[in-house]
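As a plain string of letters, each chain reads:
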Amino acid sequence: MATVPPHRIALLGGGFTLDEDGLLDDWLLGHARGPHPKVCFLPTASGDSPGYSARFLQVFRTRHDCEPSVLPLFGRELDDEALRTFVLAQDVVYVGGGNTANMLAVWRVHGVDRLLREAYDRGTLLSGISAGANCWAEASHTDSFGPLAALTDGLGLLQGSVCPHYDGEPGRRPSYRAAVAGQELPAGWALDDGTGVLFTEGRPTEAVTRVESARVYRVEPDGRGGVRERALECRVVR
């Protein structure tokens, strides 16, 4: 009988976008299925920024033992069959930051949302930073519309909501807490910059940080108009 692969998602509060040490990206690739994994970067949220894609390829080709690639959609060249074959061949999908709402809309037009679900079911490790962390959950806390706001039509592979940059951007923490307290967003997970958290079958199974003081938090309504905030135990990566 074939073994059913686990469903896994890794949310990142750092990586090649923000950090020079590569610690969080090494941690991420350590959870790939096998050595020298195929890692596909999706820069959709940045409008397929050429500089962003080039930075990913440069870093992952020189610093990490993997086979990196980029999947552009604004200048898409693959037909539907080739696109599906390409996505399902990846061991890790790494989604970049930018505009979460725009990214989800583009994915849905091209059917990438369905392909990512299929890859997830086949054991591909899904991951990302900022918009690339937001997208996997049912809902998220985003600046896609200008001011910080609730976005409630994520992919739904992870139950609840996600808030990135919890300690890294002014207003993030109080705004997310208020949205959860007021039930604009369901209970969820908030990441300080410099952290990462792995979910296996929808549950957090490992949390790490490259910054001693940074944490990942579970944020829930307290039933009295406020929230309960619980920090996960984080292993420091070095």
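This structure is a prediction, so every number in the text was calculated from the model and none was measured. Starting afresh in each chain, residues are numbered from 1 along the sequence in its written order. Totals for whole chains, interfaces and linings use every residue, but because this is a predicted model, local features are given only for residues with pLDDT of at least 70 and side-chain atom pairs only at 80 or more, for both listing and counting. With hydrogens and water excluded, all non-hydrogen atoms of the structure serve as input to the side-chain values.

Caption draft 1: Representation of the overall build of the protein chain. What counts as a helix is a DSSP run of H or I of at least four residues, what counts as a strand is a run of E of at least two, and both are numbered from the N terminus. The helix and strand inventory of the protein chain stands at 7 helices and 14 strands. When its C-alpha atoms are laid out on the principal axes, the protein chain stretches across 50 × 45 × 40 Å. Any two residues whose heavy atoms approach within 4.5 Å at even a single point are treated as in contact. The contacts in the protein chain between residues at least 6 apart in sequence include a share of 68% that link residues at least 24 apart. Surface accessibility follows the Shrake-Rupley procedure with a 1.4 Å probe radius. Residue values consider only the protein chains on display as shielding. Here the protein chain has roughly 10,400 Å² of accessible surface; of this, 50% comes from carbon and sulfur atoms. Note that His is not counted, nor are the chain ends; the positive residues are Lys and Arg, and the negative ones are Asp and Glu. Think of each charge as sitting on NZ of Lys, CZ of Arg, CG of Asp or CD of Glu. Here the protein chain carries 24 positive and 31 negative side-chain charges, and the mean point of each set is 4 Å from the other.

Caption draft 2: Inspection of the nonpolar core at higher detail. Nonpolar core, defined: a set of buried Ala, Val, Leu, Ile, Met, Phe, Trp, Tyr and Cys residues in which side-chain atoms within 4.5 Å join the residues together. For every residue, the accessible area obtained with a 1.4 Å probe (protein chains only) is divided by the maximum for its type, and the residue is called buried under 20%, exposed over 50%, and partly exposed between those limits. Residues Leu 11, Trp 107, Leu 116 and Trp 136 are the most contacted members of the largest nonpolar core, which totals 41 residues. What Leu 11 contacts, discounting residues up to four positions off in sequence, is Gly 128, Ala 133, Trp 136, Leu 158, Val 162, Leu 191, Thr 195, Gly 196, Val 197 and Phe 199. Counting residues in each nonpolar core, the second largest holds 24 residues, with Leu 24, Trp 27, Phe 41 and Val 237 among its members.

Caption draft 3: Here's a closer look at helix α7 (residues 172–181). Residues Arg 172, Tyr 176, Ala 179, Val 180 and Ala 181 constitute the buried set of α7. Of the surrounding secondary structure, the elements contacted by the buried residues of α7 are β6 (137–142), β8 (158–163), β9 (188–191), β12 (216–221) and β13 (227–231). Positioned one or two residues after α7, Gln 183 has a phi angle of 60°, which is positive.

Caption draft 4: Summary view of the environment of Ala 89. Mapped onto the secondary structure, Ala 89 falls in the loop between α3 (80–88) and β4 (92–95). Between the C-alpha atoms of Ala 89 and Leu 78, which are 11 residues apart in sequence, the distance is 14 Å.

Caption draft 5: Here's a closer look at the pairing of strand β2 (residues 38–42). Taken across its 5 residues, β2 has 4 buried, putting it largely inside the fold. DSSP calls a pair of strands paired once it identifies at least 2 bridges connecting them. Bridge analysis of β2 against strand β3 (residues 67–70) gives 4 bridges, and the strand direction is parallel. Within β3, the position partnered with Cys 40 by the bridge is Ser 69. As paired strands, β2 and β4 are joined by 4 bridges and run parallel to one another. When the sheet's bridge partners are listed, Cys 40 is paired in β4 with Val 93.

Caption draft 6: Quick peek at the packing of α3 against helix α5 (residues 112–121). Taken N-terminus to C-terminus, the directions of α3 and α5 make an angle of 35°; their axes are 9 Å apart at the nearest point. As for how α3 packs across α5, the hand of that crossing is right-handed. Residues Leu 83, Arg 84, Val 87 and Leu 88 of α3 form the contact with α5, whose participating residues are Val 112, Leu 115, Leu 116, Glu 118 and Ala 119. Three categories are distinguished: nonpolar for Ala, Val, Leu, Ile, Met, Phe, Trp, Tyr, Cys and Pro, charged for Asp, Glu, Lys and Arg, and polar for the others, with Gly belonging to the last. Considered class by class, the residues forming the contact of α3 with α5 number 7 nonpolar, no polar and 2 charged. Note on geometry: axes are C-alpha line fits, over the in-contact stretch for helices, and angles between N-to-C directions span 0 to 180 degrees. In this scheme, a crossing is called left-handed if the near helix is turned counterclockwise away from the far one by less than a right angle; it is called right-handed if the turn is clockwise.

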